[in-house]
Amino acid sequence: MKIVGVAACTVGIAHTYIAQEKLENAGQKAGHEIHVETQGTIGTENELTETQIKEADIVILAADVKVAGRERFDGKRIIEVPTEIAVKSPNKLIKKAVEVIEAGK
């Protein structure tokens with residue numbers, strides 16, 4: 001499965017990058033291809049490409065603030081959670097993403 005996501009917290013520092021790391025590690029551990037963009041105080045990093053978004057089966061938005069460029073994900077299945085969920089329960093979040101995809105097939 002291919003997953004893309006965006007991590008963004010209110011301050012745009014710690015939780016943003018922790019959420020990114022936790023999601024990427026959990027996704028890879030579960031055998032999925034995952035790319036997570038961060039939107040923080042220094043701007044957007046690891047910006048998702050059009051191809052990554054197009055090929056993604058699902059989008060995870062782990063954000064406590066408005067995600068810039070959200071329209072890029074129009075027409076995609078989206079799971080929205082606070083960054084705290086991605087930080088504390090990344091494996092459950094990846095499992096939920098898989099369940100959403102399987103339910104939609």
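Everything discussed here concerns the structure shown above.
Quick caveat: nothing in here was measured; it's all calculated off a predicted structure.

### Let's talk about the packing of helix 1 (residues 14-29) against helix 4 (residues 90-104)
Link 1 in the chain: Look at helix 1 against helix 4: their axes get within 9 Å of each other, and the N-to-C directions meet at 60°. Taken together, the axis directions place helix 1 and helix 4 in an arrangement best described as oblique. Our pair here, helix 1 against helix 4, has a crossing hand that is right-handed. Between helix 1, through Lys-22, Leu-23, Ala-26, Gly-27 and Lys-29, and helix 4, the contact on the second element is made entirely by Pro-90, Asn-91, Leu-93 and Ile-94.
Link 2 in the chain: When the residues that make up the contact of helix 1 with helix 4 are grouped by side-chain class, the tally is five nonpolar, two polar and two charged.

### So, the pairing of strand 1 (residues 2-8)
Link 1 in the chain: The element strand 1 is largely enclosed, with a buried count of six among its seven residues.
Link 2 in the chain: Where strand 1 lies against strand 2 (residues 33-40), six bridges are found, and the strand directions are parallel. What sits directly across from Ala-7, in strand 2, is Thr-38.
Link 3 in the chain: Handedness of the β-α-β unit built from strand 1, helix 1 and strand 2 comes out right-handed.
Link 4 in the chain: Summarising the sheet, strand 1 and strand 4 (residues 58-63) pair through six bridges and their orientation is parallel. Bridge pairing in strand 4 links Val-4 to Val-59.

### Quick notes on the pattern of salt bridges
Link 1 in the chain: This structure, assessed with the given rule, holds four salt bridges.
Link 2 in the chain: The salt bridge involving Arg-72 is made with Glu-37; its shortest N-O contact spans 2.9 Å. One end of the pair, Arg-72, is in the loop between strand 4 and strand 5 (78-81); the other, Glu-37, is in strand 2, with 35 residues separating them in the sequence.
Link 3 in the chain: The closest approach of N and O atoms between Lys-88 and Glu-84, which form a salt bridge, is 3.0 Å. A residue pair is termed a helical-turn pair when its members lie 3 or 4 positions apart in one helix, as Lys-88 and Glu-84 do in helix 3 (residues 83-88) at four residues.
Link 4 in the chain: Owing to a relative accessible area of 61%, Lys-88 belongs among the exposed residues under this scheme.

### Some details on the environment of Ile-34
Link 1 in the chain: Examined against the element boundaries, Ile-34 turns out to sit in strand 2.
Link 2 in the chain: Relative accessible area serves as the criterion here: at 6%, Ile-34 is assigned to the buried category.
Link 3 in the chain: For Ile-34 and Lys-2, which are 32 residues apart along the polypeptide, the C-alpha to C-alpha distance reads 5.9 Å.
Link 4 in the chain: With residues up to four places along the chain from it excluded, the contact list for Ile-34 reads Ile-3, Leu-23, Glu-24, Gly-27, Gln-28 and Ile-94.

### Quick notes on the sheet that holds strand 5
Link 1 in the chain: The strand order across the open sheet built from five strands is 3-2-1-4-5, with neighbouring strands paired in mixed fashion. Both outer strands of the open sheet, strand 3 (43-45) and strand 5, are each paired with one neighbouring strand and no more. In this sheet, adjacent strand axes meet at a mean angle of 15° when their direction is disregarded.
Link 2 in the chain: Sitting on the sheet, helix 1 touches strand 1, strand 2, strand 3 and strand 4, and the angle it makes with strand 2 is about 175°.
Link 3 in the chain: The sheet strands contacting helix 4 are strand 1, strand 2, strand 4 and strand 5, and the helix crosses strand 4 at an angle near 145°.

So, how was this worked out
- Residues numbered from 1 in each chain as written.
- Predicted model: local features only at pLDDT ≥ 70, side-chain atom pairs only at ≥ 80, totals over all residues.
- Heavy atoms only, no water.
- Axes fitted to C-alpha atoms, helices over the stretch in contact; angles between N-to-C directions.
- Helix = DSSP H or I, 4+ residues; strand = E, 2+ residues; numbered from the N terminus.
- Parallel < 35°, antiparallel > 145°, perpendicular 65-115°, else oblique.
- Left-handed = near helix turned anticlockwise from the far one by under 90°.
- Contact = heavy atoms within 4.5 Å.
- Nonpolar A, V, L, I, M, F, W, Y, C, P; charged D, E, K, R; others polar.
- Buried < 20%, exposed > 50% of the residue type's maximum accessible area, 1.4 Å probe, protein only.
- Pairing = 2+ DSSP bridges.
- Right-handed = clockwise from strand over helix to strand, strands pointing away.
- Salt bridge = Lys/Arg side-chain N within 4 Å of Asp/Glu carboxyl O.

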